[in-house]
Amino acid sequence: MNSATAAASFLRTALELATSNVLNHGGPFGAVVVTADGRVFEGVNRVTATNDPTAHAEITAIRAACAARETFHLTGATLYTSCEPCPMCLGAALWARVDQVFYAADRHDAASVGFDDAAFYEYFENPGRNSVLPARKLALPPAGSPDILQPFTTWNELETRIDY
């Protein structure tokens, strides 16, 4: 099987997972992670089934791959997903060091059936984003305050740290 045929097969699997997940009280999203050594890990959206807003298909697939491989990075892996990953899932793929992502439907297709993440995609580009979710640095009063850099200093001095 050539790489284009394999990629299409994994993408079809993600779509099949998404469809069957709908019938299992989950969201219409499925994902497959294929690691550099060819191992395959699947994930489906379980947000409403588990009351976990982070249980998106891509993240459940990444979690499964990392747990089985006993590592937090997936260098050389490819993520196949039934729909364009949301910003959270893209962030997870970046943190996991996934090499590439292929998706079937895009964010506009998802929005047309009620899964509109436009505000999340636009959040990072929007100068008025604090009206959506205020996020700002809070200065601590100087007297008796902890050193805000202490966690980083401790990290840098720790000989047993595991860099990521």
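Criteria and thresholds
- The numbering scheme is per chain: residues are counted from 1 as the chain's sequence reads.
- At least 70 in pLDDT is required for a residue's local features to be given in this predicted model, at least 80 for side-chain atom pairs to be given and counted, and no such filter applies to totals for whole chains, interfaces and linings, which use all residues.
- Based on all heavy atoms of the structure, the side-chain values leave hydrogens and waters out of the count.
- Among the buried residues, those of types Ala, Val, Leu, Ile, Met, Phe, Trp, Tyr and Cys that are joined through side-chain atoms within 4.5 Å form a nonpolar core.
- Only protein chains enter the accessibility calculation, which uses a 1.4 Å probe; a residue whose area is less than 20% of its type maximum is buried, one above 50% is exposed, and one in between is partly exposed.
- We count a stretch as a helix when DSSP gives it H or I for four or more residues in a row; a strand needs E for two or more, and each element gets its number in order from the N terminus.
- Note on definitions: a residue-residue contact is assigned when non-hydrogen atoms from the two residues lie within 4.5 Å.
- Interaxial angles span 0 to 180 degrees and are taken between N-to-C directions of axes, which are lines fitted to C-alpha atoms, for helices over the stretch in contact.
- Note on angle classes: values under 35 degrees are labelled roughly parallel, values over 145 roughly antiparallel, values of 65 to 115 roughly perpendicular, and the remainder oblique.
- In a left-handed crossing the near helix is turned counterclockwise from the far helix by less than a right angle, and in a right-handed crossing that turn is clockwise.
- Residues are sorted three ways: Asp, Glu, Lys and Arg are charged, Ala, Val, Leu, Ile, Met, Phe, Trp, Tyr, Cys and Pro are nonpolar, and all the rest, Gly among them, are polar.
- Aromatic pairing here means that ring centres of Phe, Tyr or Trp (its six-membered ring) are within 6.5 Å. Orientation follows from the plane angle: under 30 degrees is stacked, over 60 is edge-to-face, and everything else is tilted.
- UniProt positions are given in the numbering used here, feature names are shortened, and annotations may be inferred rather than shown by experiment.

1. A short note on the nonpolar core
Reasoning step 1: Ranked by internal contacts, the top residues of the largest apolar core, which has 17 residues, are Val33, Ile62, Leu74, Leu79 and Val98.
Reasoning step 2: The biggest single contributor to this core is helix 3 (residues 57-69), with five residues.
Reasoning step 3: The contact partners of Leu79, leaving out residues within four places of it in the chain, are Ala31, Val32, Val33, Glu58, Ala93, Val98, Gln100, Val101 and Phe102.
Reasoning step 4: One finds Ala14, Leu17, Val32 and Val34 within the second-largest nonpolar core, a separate group that totals eight residues.

2. Remarks on the packing of helix 3 against helix 4 (residues 87-95)
Reasoning step 1: Here helix 3 crosses helix 4 at 20 degrees, and the two axes come no closer than 9 Å. Judged by the inter-axis angle, helix 3 sits roughly parallel to helix 4. In this structure, the crossing between helix 3 and helix 4 has a hand that is left-handed. Residues Glu58, Ile59 and Ile62 of helix 3 pack against Met88, Cys89, Ala92 and Ala93 of helix 4.
Reasoning step 2: Class assignment for the residues of the contact of helix 3 with helix 4 results in six nonpolar, no polar and one charged.

3. Considerations on the packing of aromatic side chains
Reasoning step 1: Scanning the model with the defined rule gives three aromatic pairs in all.
Reasoning step 2: Judged by centre distance (5.2 Å) and plane angle (35 degrees), the rings of Phe10 and Tyr80 are tilted. With Phe10 in helix 1 (residues 3-22) and Tyr80 in strand 3 (residues 78-83), this residue pair connects regions lying 70 residues apart in the sequence.
Reasoning step 3: On the basis of relative accessibility, which here comes to 21%, the residue Phe10 falls in the partly exposed class.

4. Here we look at the UniProt feature "domain: CMP/dCMP-type deaminase" (unreviewed entry) in the protein chain
Reasoning step 1: The residues that UniProt annotates with the feature "domain: CMP/dCMP-type deaminase" (unreviewed entry) are residues 5-115.
Reasoning step 2: As annotated, residues 5-115 has a helix share of 44% and a strand share of 20%, and its two end C-alpha atoms lie 29 Å apart.

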